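Listed here are the chains, written in short residue letters.
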Amino acid sequence: MGLTQYRKMRDFEKTAEPSGSKATRAAKAAAAKKEKAAAAANTRSFVIQKHDASHLHYDFRLELGGVLKSWAVPKGPSLDPSVKRLAMEVEDHPLDYASFEGSIPKGEYGGGDVIVWDRGEWISSKTPEADLKKGRLEFELKGEKLAGKWILVRTGRPSKKPQWLLMKRTDAAAIATSKYDVTEELPGSVKTGALLPRDEGASAGAAGAGTKKKAAAKSTAKVAKSSAKAAAKVSPKASAKASSSTKKKAPVSKKKSEKFPGFIKPQLAKLSEVAPGGGDWVHEIKFDGYRAVTTFEDGKVRMFTRSG
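Residues numbered from 1 in each chain as written. Predicted model: local features only at pLDDT ≥ 70, side-chain atom pairs only at ≥ 80, totals over all residues. Heavy atoms only, no water.

Now for the overall build of the protein. Each helix and strand counted, the protein has 6 helices and 11 strands in total. Looking at the protein residue by residue over its 308 residues, the buried ones come to 33%. Contacts in the protein between residues far apart in sequence, at least 24 positions, make up 59% of those at least 6 positions apart. For the protein, the accessible surface area stands at approximately 19,700 Å², while carbon and sulfur atoms represent 56% of it. (Helix = DSSP H or I, 4+ residues; strand = E, 2+ residues; numbered from the N terminus. Buried < 20%, exposed > 50% of the residue type's maximum accessible area, 1.4 Å probe, protein only. Contact = heavy atoms within 4.5 Å. Areas by Shrake-Rupley, 256 points an atom, 1.4 Å probe, with all protein chains shown as cover.)

With that settled, consider the pairing of strand β7 (residues 136-143). Relative to β7, strand β6 (residues 112-123) runs antiparallel, the two sharing 4 bridges. Along β7, the bridge assignment pairs Trp122 with Leu141. Where β7 meets strand β8 (residues 147-154), 7 bridges bridge the pair, whose relative direction is antiparallel. Bridge pairing links Phe139 to Trp150 in β8. The hairpin formed by β7 and β8 contains 3 residues between the paired strands. (Pairing = 2+ DSSP bridges.)

So, about a nonpolar patch on the surface. Among the surface-exposed residues, Phe296, Val301 and Met303 lie close enough to one another that they form a single nonpolar patch of about 380 Å² accessible area. Locating Phe296 in the fold gives a position in strand β10 (residues 292-297). (Patch = residues over 30% accessible without salt bridge, like charges linked within 9 Å, V, L, I, M, F, W, Y side chains within 5 Å. Salt bridge = Lys/Arg side-chain N within 4 Å of Asp/Glu carboxyl O.)

Moving on: the confidence of the model for the protein. Here the protein averages 81 in pLDDT, and 71% of its residues register 70 or above. The low-confidence segment residues 205-224, where pLDDT is below 50, has 11 contacts with residues more than four positions distant or belonging to other chains. Confidence over residues 230-243 falls short of pLDDT 50; this stretch has 1 contact with residues more than four positions distant or in other chains. (pLDDT = per-residue confidence, 0-100.)

What follows is about the nonpolar core. Membership of the largest hydrophobic core comes to 24 residues, with the highest contact counts inside it found for Phe60, Phe139 and Leu152. Going through the elements one at a time, β1 (43-52), β2 (56-64), β3 (67-73), β6, β7, β8 and β9 (163-168) are the ones with two or more residues in this core. If you tally residues by element for this core, the top one is β2, at 4 residues. Beyond its immediate stretch of four places on either side in the chain, Phe60 contacts Phe46, Val47, Ile48, Lys69, Ser70, Trp71, Val73, Phe139, Leu141, Leu152 and Leu166. Among the nonpolar cores identified, the runner-up in size contains 11 residues, and Leu3, Leu68, Val114 and Val116 belong to it. (Core = buried A, V, L, I, M, F, W, Y, C linked by side-chain atoms within 4.5 Å.)

Moving on to the side chain of Thr295. The topology assignment puts Thr295 in strand β10. Every residue in contact with Thr295, bar those within four places of it in the chain, is listed here: Phe260, Lys300, Val301, Arg302 and Phe304.

The next thing to look at is the packing of aromatic side chains. One pass over the structure, following the stated rule, counts 8 aromatic pairs. Both rings, one in Phe60 and one in Trp71, keep their centres 6.2 Å apart while their planes meet at 45 degrees; by these two values the pair is tilted. Here Phe60, found in strand β2, pairs with Trp71, found in strand β3; they are 11 residues apart in sequence, far enough to count as distant. Here the aromatic rings of Tyr97 and Phe100 are separated by 5.2 Å at their centres, their planes lie at 45 degrees, and the arrangement is tilted. (Phe/Tyr/Trp six-rings, centres within 6.5 Å; stacked < 30°, edge-to-face > 60°.)

It is worth spelling out the environment of Gln49 at this point. Along the chain, the position of Gln49 falls in strand β1. Along the chain, Gln49 and Asp113 lie 64 residues apart, while their C-alpha atoms are 9.9 Å from each other. Setting aside residues no more than four positions away along its own chain, Gln49 makes contact with His57, Tyr58, Asp59, Arg61, Tyr97, Ala98, Phe100, Val114, Ile115, Val116 and Trp117. Among the polar contacts listed, one links the side chain of Gln49 to the backbone oxygen of Phe100, at a separation of 3.0 Å. (Polar contact = N/O pair within 3.5 Å; in protein donor to acceptor, adjacent residues only side chain to side chain.)

Following this line, the structure appears as structure tokens:
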């Protein structure tokens with residue numbers, strides 16, 4: 001496909017995206033040498049960019065033939081082998097696009113914010129170009145977030161842009177979405193750690209909810225103070241009588257040793273653009289990492305992940 005279509009669709013006077021046309025003869029020779037070595041080892045670079053354009057999607061790019069072969073994946077990749085993700089084939093991108101992170105001006109093609117969501121190496125068969133042409137490309141990813149074996153299959157459905165399906169193969173890196181959704185758990189950039197503004201909105205919403213929570217707490221404290229004043233007006237004699245009556249009627253409780261609980265699934269934070277209001281909600285910033293529950297029983301410490 002080459003980069004003709006890519007350059008035709010962009011005004012590089014307005015966008016900071018790389019044009020891919022400034023490579024010197026020496027740079028081109030170095031790139032050709034790199035491609036030759038990559039072909040011999042069947043190992044090349046890949047990048048996935050999270051792109052908040054007219055619709056949020058993930059741009060999946062594989063280095064091949066001196067360019068980045070590219071697909072737009074609306075829902076992003078899934079580590080669940082039972083999930084098939086639509087991948088729309090788009091124009092080839094220059095190799096230096098792999099490090100692009102920033103904002104494309106509104107009104108320009110693909111206008112919106114871009115972060116480098118994942119990057120690494122992909123390992124192909126000995127004939128990736130032929131496999132791609134046939135519409136069935138099997139490969140392995142070694143990224144910072146994604147790993148293991150994957151497959152891209154062209155559907156053959158009539159469309160302006162060729163439609164493919166991106167699927168995870170069953171292996172050690174596979175995991176059910178119900179247990180772990182990689183796009184939700186790891187939303188940030190592997191290059192800078194930055195979040196898209198839409199993801200940062202969830203944190204801002206949590207901060208706003210904190211203000212509402214403080215207001216609710218003040219209201220509760222005010223009610224409690226009023227109740228205390230009302231209680232103080234009750235005569236000591238009546239109060240003592242009520243206390244005595246309560247003591248007589250109170251049943252004697254017999255404590256029973258409760259069985260130590262088994263696995264308790266950790267609570268998970270959920271991203272939201274707008275935080276719910278009211279004093280019944282607790283909000284926190286959603287950090288990348290693992291949720292775990294720690295137990296201490298009979299001098300032994302155990303830690304449980306979300307899957308047990």
